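# Fold and contact review
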Amino acid sequence: MEKEKKIPASLSLESRNLRADNLSGYLSISPWLIGFILLILGPMLASLYLSFTDYNLLSAPNWVGLANYQNLLSDGRFLKSLEVTFKFVFISVPLKLIFALALALLFNTGRKGSSLFAAVYYVPSIIGGSVAIAVVWRQLFGRQGAITQILSALNITDANLIGNPNTALSVLILLVIWQFGSPMIIFLAGLRQIPLELYEAASVDGATKIRQFFSITLPMLTPVIFFNLVMQTIQGFMTFTQSYLITGGGPLDETLFYAVYLYETAFEYLRMGYASAMAWVLLIIIAVITSIFFLTSKYWVFYQSEGGR
Amino acid sequence: MKKYVLLILVSLFLLTACNGGDSENGNADNGGQAGETTIRVAWWGNQERHDMTLEAIELFNDIYPDINVQPEYTGWDGYWERLNTQAAGSNLPDVIAMDNSYLNEYNSNELLIDLAPLIDDGTINLSDVDDVYQEINHDGDRVLAVASGANALSLVYNTEMLEEYGYNLEPGYTYDDLYEMNLAIKEAIEEDGGEFFGYDFANAEYELFNNYARQNGMTLYNEAGDGLGFAEETLVEYFNWVHQMVADEAAPPHDIMMSYIEGGNSMLQEGTAVTQTAASNQLIGLSQGTQFELDLTILPALDGVHANYIRPSMSFAITNHSAEQEAAAKFIDFITNNLEANEILQAERGVPISQAVRDHLVEIVSEPVQKTFAFLEVVAEYTQDSDPLSPPGETEVRGAFIRIVESLKYGQVTPEEAASQFIQQAENVLN
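Residues numbered from 1 in each chain as written. Chains lettered and ligands numbered in written order. Predicted model: local features only at pLDDT ≥ 70, side-chain atom pairs only at ≥ 80, totals over all residues.

### Details of the overall build of chain B
For clarity, the cut-off: Each helix is a run of DSSP H or I of at least 4 residues and each strand a run of E of at least 2, with the numbering of both proceeding from the N terminus. Two things to know: the radius of gyration comes from C-alpha atoms, and the globule rule equals 2.2 Å times the number of residues to the power 0.38. Note on burial: count the other C-beta atoms lying within 10 Å of the residue's C-beta; 20 or more is buried, 12 or fewer is exposed, in between is partly exposed, and C-beta positions come from the backbone. Residues are defined as contacting one another if the C-beta atoms placed from their backbone atoms lie within 7 Å.
Counting secondary structure elements, chain B contains 18 helices and ten strands. Here chain B has a C-alpha radius of gyration of 25 Å; the compact-globule value for 431 residues is 22 Å, and the two agree. Its C-alpha atoms give chain B principal-axis dimensions of roughly 85 × 60 × 45 Å. The burial tally for chain B puts 45% of its 431 residues in the buried class. The long-range fraction of contacts in chain B, counting pairs at least 24 apart against all pairs at least 6 apart in sequence, stands at 76%.

Structure, rendered in structure tokens:
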């Protein structure tokens, strides 16, 4: 009997300790937690509510049910912005990753100064999303820009690439690819993780460099490729600055990224409720695509820790 | 013990965070001495306007040392985004520069106070102001804003070039004249190996159509503001003209026009265009950066009909969020009537609405400014009544119009398709 009594007593003491531990744990993450609740979770829930209203920023919102979501389906510019954004993501992300991987391979040779070059090539990623670079880009590719002049002198094209509906998106894709720095650094780290003895064994067996790349480097790198793919895709869907500043979504809405149309709807046309609905649709799209990546990952991503499965 | 240390650290952190907020407020208060009231004044514009307005505010401070003015200024881009978010946070400045296209939107959301009592008790003195300048700022008996200058949509032209090629744009010239003149000059200049783009629409196709509809005895929006007020054929006719101008190269392609605007350049200043649509007060800015002599003329006639109208280029309003309406009203009165202030402001916001100010300025302002004064007197002979205020949602309708003009200029749609697309999209917004 006595024994039985003792156990709950000690348990309750333990749980009190546990609770105290939890408290100090919560306290120590409280700066982040408060920030998260006030700056992320709160606004997110507010936007979820607003997406069911006709909120226009200037007067109180009225409940309209699913009307905003229904209207999206018949909104030609919304569909256009989806088309543009998907085109942009599916072209720019693979190109950017290939570019980043190629340069990472180049810098992984261990030659003298390769880390200096890696640092130099990282610079565009730091400054690339900035307003200043967007303005520079607009100048370079604009009607009298340096690149336009060079292309015209070489008789390739004398068109203003930004002003031409067929080429404007390519200019933005080029700018984004140029910011390959952060996937490159991650690839570089991934490459250095691959055990050298795999390559040694392969060369003993007489495998060529190309064969080694496809049979060792690429499979060993798939977790890193997977990570980069997910991150870059999410980032791609949320691209805003480049289009907003360089082309303003034009010409003919050919660079109307989802985020740009969302911003225009919310802050220029004051349709905050409708824009909130758009934001939630974007969240769902990104979630679906990311989960597709995760679901398919077991067929193409190999983790060493799982015995190379 | 450890966890108490932590607790203290966290509380300290939170305390400092709160303190940070306090000291910020403290700073704002320190800006003025005891007994002072502070008003916030917001406007948009370019650097010249900012400099002149700031100088006028200094003068205001000399006259009213107990009123402290906090300026908030940006370019046109971003101005409304900023105000709209401030409106959502019930934190609008006391005095805001208003544009006609937003007046109704702000009024219908009850963000502006009625200025009539402040005008009646003389805080804002409008005794020198002709009614025509204030007409558009009324909502029934309510006065929503005080115009800070008047202008009219006009055509700015290069006088030297016009003389050289033997043309004139005396009132009575037509849309076809404009087309032929630009083509002829283009041909002559290109023969000499020069670059010439023709007529610069300057992104004002929407405003120009407003005038075109009025010339047809119609209006852009219907009286109730819940639909359009013109016939589809009228828009098709107008689009036909725009299309002809661009397709025959009497006006530049859309991308060239936009690259000038985005780069902050002007074909007219550069001499690659001879005419441009502009609000008359823009002549002042345009004249500053060019070697050419520029002048103003009224918009083209349509079958002898003119439909120009004088409108305030912008106004000042007092917002509902203002706690210092009296001080805000004094500021508006100062901008409207103070002679010295208007000397500083150089009529850059448009021709001053006070007769006394105009009389005082006309002798001392620069030549381009004098031209805008003279132009408004010319326009007065060709005006019709101004339209009612544009309905809320105009920004979006204008956006749709500009996009459709863009695809028309790129040759993606015919004028007929463009007209029916615009009407459908506009009615979607307005309903």
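### Points about the domain arrangement of chain B
A common way to report how large an interface is uses the accessible area buried once the components associate. Residue and element names in this part refer to chain B. Which entries qualify depends on this criterion: Domains are outlined according to an automatic or database domain assignment. Note on residue classes: Ala, Val, Leu, Ile, Met, Phe, Trp, Tyr, Cys and Pro are nonpolar, Asp, Glu, Lys and Arg are charged, and everything else, Gly too, is polar.
If you check the domain split of chain B, you get domain 1 (37-150 + 312-370) and domain 2 (152-310 + 384-430). If you average the C-alpha positions of domain 1 and of domain 2, the two centres end up 29 Å apart. Contact with domain 1, which involves 17 residues of that partner, is made by 13 residues of domain 2. Elements with a contribution of two residues or more to the side of domain 1 that touches domain 2: α4 (100-108), β6 (146-158) and α16 (367-380). Classifying every residue of the side of domain 1 that touches domain 2 gives six nonpolar, seven polar and four charged.

### Comments concerning the pairing of strand β3 (residues 95-98) of chain B
Residue and element names in this part refer to chain B. Convention followed: Between any two strands, pairing holds if DSSP finds at least two bridges.
Side-chain alternation along β3 places Val95 and Ala97 on one buried face and Ile96 and Met98 on a second face that is also buried. Bridge analysis of β3 against strand β10 (residues 310-318) gives four bridges, and the strand direction is antiparallel. Residue pairing across strands places Ala97 opposite Phe316, the latter belonging to β10.

### What about the interface of chain A and chain B?
At the interface, 23 residues of chain A touch 24 residues of chain B. Of all elements in the fold, only α1 (2-28), α2 (30-50) and α13 (258-268) of chain A reach the threshold of two or more residues within the side of chain A that touches chain B. Residues belonging to the side of chain A that touches chain B are distributed by class as follows: eleven nonpolar, nine polar and three charged.

### So, the nonpolar core
Residue and element names in this part refer to chain B. Threshold: Each nonpolar core consists of buried Ala, Val, Leu, Ile, Met, Phe, Trp, Tyr and Cys residues. Their C-beta atoms, within 7 Å, join them into a set.
Judged by nonpolar contacts, the single largest core of 173 residues is most densely connected at Val95, Met98, Phe316, Phe331 and Ile332. Both domain 1 (37-150 + 312-370) and domain 2 (152-310 + 384-430) contribute no fewer than three residues apiece to this core. Those residues in contact with Ile332, other than ones at most four positions away along the chain, are Val95, Ile124, Val146 and Phe316.

### Describing helix α6 (residues 131-141) of chain A
Residues and elements named next belong to chain A. This is how the line gets drawn: Here, the arc refers to the directions that run from the helix axis to the C-beta atoms.
Along α6, the residues that are buried comprise Ile133, Ala134, Trp137, Arg138 and Phe141. Down the axis of α6, the buried set is contained in an arc of 145°. They therefore lie on one face. In α6, the exposed residues that point more than 90 degrees away from the buried face are Val131 and Ala132. Here the buried face of α6 lies against α5 (114-127), α7 (146-153), α8 (168-178) and α12 (241-247).

### So, the confidence of the model for chain B
All names here are of chain B. Here is the rule: Here pLDDT means the predictor's own confidence in every residue, given as a number from 0 to 100.
Residues with a pLDDT of 70 or more make up 92% of chain B, whose mean pLDDT is 85. Here helix α1 (residues 2-30) stands out as the least confident element of chain B, with mean pLDDT 46; β3 is the most confident, with 94. Note that residues 14-32 has pLDDT below 50 and, in this model, four contacts with residues that lie over four places away or in other chains. With pTM at 0.81, the complex prediction returns an ipTM value of 0.77.

### Section: the UniProt feature "transmembrane region" (unreviewed entry) in chain A
Residue and element names in this part refer to chain A. In plain terms, the rule: UniProt positions are given in the numbering used here, feature names are shortened, and annotations may be inferred rather than shown by experiment.
As annotated by UniProt and renumbered to match this structure, "transmembrane region" (unreviewed entry) occupies residues 32-52, 88-107, 119-137, 168-191, 212-231 and 277-301. What you have in residues 212-231 is 100% helix and 0% strand, and the ends, taken at the C-alpha atoms, are 27 Å apart. Helix makes up 96% of residues 277-301 and strand 0%, whereas the separation of the span's terminal C-alpha atoms amounts to 34 Å.

### Observations concerning the packing of α2 of chain A against helix α14 (residues 272-300) of chain A
Residues and elements named next belong to chain A. Rule in force here: Fitted lines through C-alpha atoms give the axes, limited to the stretch in contact for helices. The angle between two N-to-C directions lies from 0 to 180 degrees. Crossings are assigned a handedness: left-handed for a near helix turned anticlockwise from the far helix by less than a right angle, right-handed for a clockwise turn.
The interhelical angle for the contact between α2 and α14, taken along N-to-C directions, is 115°, at an axis separation of 8 Å. Remark: the crossing between α2 and α14 carries left-handed chirality. For the pair formed by α2 and α14, the contact residues are Ser47, Leu48 and Leu50 on the first element and Met272, Gly273, Ser276, Ala279 and Trp280 on the second. Here the residues of the contact of α2 with α14 are counted per class, giving five nonpolar, three polar and no charged.

### Comments concerning helix α10 (residues 196-204) of chain A
Counting buried residues in α10 of chain A gives zero out of nine residues, a small share hidden from the surface. Of the residues one or two after α10 of chain A, Gly206 of chain A is the one with positive phi, at around 90°.

### Focus: the pairing of strand β8 (residues 275-279) of chain B
Residues and elements named next belong to chain B. Extensive coverage of β8 is indicated by the burial of five of its five residues. Neither face of β8 is exposed, since Thr275, Thr277 and Ala279 on one face and Gln276 and Ala278 on the opposite face are all buried. As paired elements, β6 and β8 share five bridges and run antiparallel to each other. Paired with Leu155 across the bridge in β8 is Thr277. Sheet topology places strand β7 (residues 199-200) next to β8; two bridges connect them, and they run parallel. For Tyr199, the partnering residue across the bridge sits in β8 and is Thr275.

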